[in-house]
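The chain contents come next:
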Amino acid sequence: MTETTTALVPYEDATARYDTVIGIEVHVELGTRSKMFCPAPAVFGEEANTSVSPVSLGLPGALPVVNEAAVEYAIRIGLALNCEIAETCRFARKNYFYPDIPKNYQISQYDEPIAHDGWLDVELEDGTVFRVEIERAHLEEDAGKNTHVGGSAGRIHGAEYSLVDYNRAGIPLVEIVTRPITGAGERAPEVARAYVQTLRDIFRALEVSEARMERGNVRADVNVSLRPAPDAPFGTRTETKNVNSFRSIERAVRFEVSRQAAVLDAGGSVTQETRHFHEDTGETTSGRVKSDSEDYRYFPEPDLVPLAPSREWVEEIRASLPELPAARRRRLQSEWGFADSQMRDVVNAGALDIIVETVAAGAPPAAARKWWMGELARTANERGVALAELPVTPAHVAELQSLVDAGRINDKLARQALEGVLAGEGTPSQVVESRGLEVVSDDGALLAAVDEALAAQPDVVEKIRSGNQGPVGAIIGAVMKATRGQADAARVRELVLQRVGEG
Amino acid sequence: MPTLDRNEVARVAALARIDLTDAELDRLADELQVIVASVEKVSEVATPDVPATSHPLPLVNTMRADVPEAPLAIADVLAGAPESEDGKFLGPQILGEDA
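Residues numbered from 1 in each chain as written. Chains lettered and ligands numbered in written order. Predicted model: local features only at pLDDT ≥ 70, side-chain atom pairs only at ≥ 80, totals over all residues. Heavy atoms only, no water.

Caption draft 1: Local environment of the state of the cysteines. According to the stated counting rule, one finds 0 disulfides over all chains in the structure shown. The closest cysteine sulfur to the non-disulfide-bonded A:Cys83 is located on A:Cys89, 12 Å from its own sulfur. (Disulfide = S-S within 2.5 Å.)

Printed below as a string of structure tokens:
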């Protein structure tokens, strides 16, 4: 189903005329060692169909058994999202016919999710905090992967066919569903992005998933609808499936707002449907018309008994939850004494962990921030890599700063030393050594340069002698130039004044 | 009392990809209605103090430890495949493919 040119309303005009409501479903693959309902290894990137069991394949007679770690991870996620953990819940069959699910049903949870009624505070880039209400978080199994082989590439006489790999089938998933998110207005795309980003950080902190977007560990379906005013009933929504990067989430929402506004402006009505997001164009296109949930013929999974997580277990898990990212950021900011804007810049640049490590390696927080957010951020940006991918470690930066603090190099020399480290010349101390960058504070060497500078500028000497210390800087500058920036400026100043006084 | 008329049976059959003839639809609609009626009788005696149940076994929390075991050998995995290619199941083109 392809569409001809999609009419769009400029985003600002769309949000001026309509109120945006979004809803987000996030699937996260849990990092358990084995699958949700069978002991086949839960792995990524292995040869096709080498991590499957009779249960993954839905072979007749194969019976599922629940993975306890997956249940624990789901409870961890539920608690971190301020949810109630169900005293008892059950699994359900979601029936559909698609080759990625060989049983013809996915084991999921329907009317009794393991966690429900929570919330998550999401911080936007400018520091605004937006609360997202969580409707539910439930456990289910992932599906296999289909590959479509096109006509020309096909081996069977140019036919088109499909290949299926079931390694992913049965990997545990938790699906987190928000309530409709209202009140975000024109910032809805940003809220959507920040929400998923916040979740990703939480999954990692909880150690329930590697949460790598590029591997599809975290996948988002984004619902968007428009209404004429914030007090009007919800409009018809579309669901854009499998948007798999933070930037794409933001773009997909923006696109849908512009598209739906055009449909409504033209007097049309939005079709309730699934849509696909295209990374290359930033557009969504029509998928299938959304089937109502009844079409899945959900019913309780007869092969599994209910789950009844004891309150003791839940409290034990609650007590073992690690510090969550937002609390950690608040603690670090206060420990480091960073201003709100400084902290935001650090977080937005993805430099938090690397600064933590640099401080742990002995650098003062302000210095760690200065290097990583200045010189190194610039270099990373030029090279188009992440900070962590630079050939500079937190230990290097801490060492560099300790050389500055010990007076062995000044800031300018430190930057040169850093260049050396970035060029793979070794540790900061090694670079200082090999490039001969050390500050010259040896009087003999300095005096020669001072005398030369004084002799070159007799008028300045006169001014200083007549009590005007202003021009001392000009002499120091000349000495620094002559020593290629390696002179100890404070000592040079002393020597200049001493020499002029002697004269 | 909930009913399961012929149209409903046809709809559920279509969802389950079961191709039924007109005669089968007539027969099943009648038979299923008897089943629905029987279940309804159970509801009559299920007073509010009888908890709803989704499972006949009085068990909860049947779980296993998260310990991986050897998967099936690839030859066994593909033994039931109509055709295969590069270790994957090969089937007809999937129509209306989502991705």
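There is more to say, and it comes next.
Caption draft 2: Region of the structure containing the domain arrangement of chain A. Residues and elements named next belong to chain A. Here chain A is described as being made up of domain 1 (11-47 + 58-294), domain 2 (323-435) and domain 3 (443-502). Just the C-alpha atoms count here: the centres of domain 1 and domain 2 sit 37 Å apart. Listed by partner, the interface residues are 9 residues for domain 1 and 6 residues for domain 2. Together domain 1 and domain 2 conceal approximately 560 Å² of surface at their shared face, both sides included; 61% is due to carbon and sulfur atoms. Area buried by domain 1 at its contact with domain 2 is led by Glu 123, Glu 125 and Ala 205, which between them contribute 50% of it. For the pair domain 1 and domain 2, the number of links is 0 salt bridges. Here domain 1 and domain 2 share 2 residue pairs in polar contact (both at pLDDT 80 or more) between them. The greatest single-element share of the side of domain 1 that touches domain 2, amounting to 4 residues, is contributed by helix α4 (residues 188-206). (Domains from an automatic or database assignment. Contact = heavy atoms within 4.5 Å. Buried area = accessible area lost by both parts, 1.4 Å probe. Salt bridge = Lys/Arg side-chain N within 4 Å of Asp/Glu carboxyl O. Polar contact = N/O pair within 3.5 Å; in protein donor to acceptor, adjacent residues only side chain to side chain. Helix = DSSP H or I, 4+ residues; strand = E, 2+ residues; numbered from the N terminus.)

Caption draft 3: Structural context of the sheet that holds strand β8 (residues 145-149) of chain A. An order of β8(A)-β9(A)-β3(B)-β2(B) is seen for the 4 strands of this open sheet, with the pairing classed as antiparallel. Bordering the open sheet on either side are β8 of chain A together with β2 (83-85) of chain B, each of which pairs with just one other strand. The sheet shows a mean angle of 40 degrees between the axes of neighbouring strands, direction not considered. Inspection of the sheet shows β2(B) paired to strand β3 (residues 88-92) of chain B by 3 bridges, in the antiparallel sense. Following the sheet pairing, B:Glu85 is matched in β3(B) by B:Lys88. (Pairing = 2+ DSSP bridges. Axes fitted to C-alpha atoms, helices over the stretch in contact; angles between N-to-C directions.)

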